[in-house]
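Structure at a glance
Residue strings, one per chain:
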Amino acid sequence: MFFRKPVFLYLMALMYVSLGIVHLIKPTLYLAVMPDWLPYKMFLIYVSGVAEMLLGAGLIPVKTRILSAQLIIAMLIVFFFVIHIPQSIDYYQTGNKYFWVTLLRLPIQFLLIAWAWVYTKKP
């Protein structure tokens with residue numbers, strides 16, 4: 001399979017570690033996508049950044065790869081239902097000009113889940 005090549009594993013790990021670092025360095029970038037009903041937004045942004053860094057790094061060792069990939073999938077599913085869908089609905093209801101971006105992002109989540117799924121199986 002296409003994603004089975006080692007370069008894609010390292011690319012995925014780098015992507016999650018990098019995004020996690022961005023959460024810590026520029027947390028205000030993520031405030032706009034946080035639903036209003038969530039408390040402690042900055043804390044949650046930092047926690048999700050640390051989680052992304054740990055899970056991305058966890059993809060590299062064979063011993064932690066499957067668990068990290070499974071937890072990445074869980075994280076993406078939670079983000080899909082807690083952040084991405086509500087934001088799309090909100091942008092639609094308020095006529096936000098970036099509504100189309102939120103729609104574009106939804107299927108990308110499925111691609112990311114499929115990519116992580118590849119690493120949930122023993123090599």
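Check the entry above for the structure.
Below you will find a few notes about this structure.

Here is what the cut-offs are and how they apply
- Residues numbered from 1 in each chain as written.
- Predicted model: local features only at pLDDT ≥ 70, side-chain atom pairs only at ≥ 80, totals over all residues.
- Heavy atoms only, no water.
- Helix = DSSP H or I, 4+ residues; strand = E, 2+ residues; numbered from the N terminus.
- Contact = heavy atoms within 4.5 Å.
- Phe/Tyr/Trp six-rings, centres within 6.5 Å; stacked < 30°, edge-to-face > 60°.
- Buried < 20%, exposed > 50% of the residue type's maximum accessible area, 1.4 Å probe, protein only.
- Core = buried A, V, L, I, M, F, W, Y, C linked by side-chain atoms within 4.5 Å.

Right, let's get into the side chain of glutamine 109. Within the element layout of this structure, glutamine 109 appears in helix 5 (residues 99–117). Look past the residues within four positions of glutamine 109 in its chain and what remains in contact with it is Leu76, Phe80 and His84.

If you walk through the whole model with that rule in mind, you get three aromatic pairs. With 5.4 Å between their ring centres and 50° between their planes, tyrosine 92 and phenylalanine 99 make a pair best called tilted. When its relative accessible area of 23% is taken as the criterion, phenylalanine 99 is described as partly exposed.

Now for the nonpolar core. Of all hydrophobic cores here, the largest spans 24 residues; its most connected members are Met12, Tyr16, Leu59, Ile72, Leu76, Trp115 and Tyr119. For this core, the secondary-structure elements that each account for two or more residues are helix 1 (6–25), helix 3 (41–58), helix 4 (62–94) and helix 5. Among the elements that take part in this core, helix 4 stands out by supplying seven residues, more than any other. In this structure, leucine 59 is in contact with Leu9, Met12, Ala13, Arg65, Ser68, Ala69 and Ile72, ignoring residues within four places of it in sequence.

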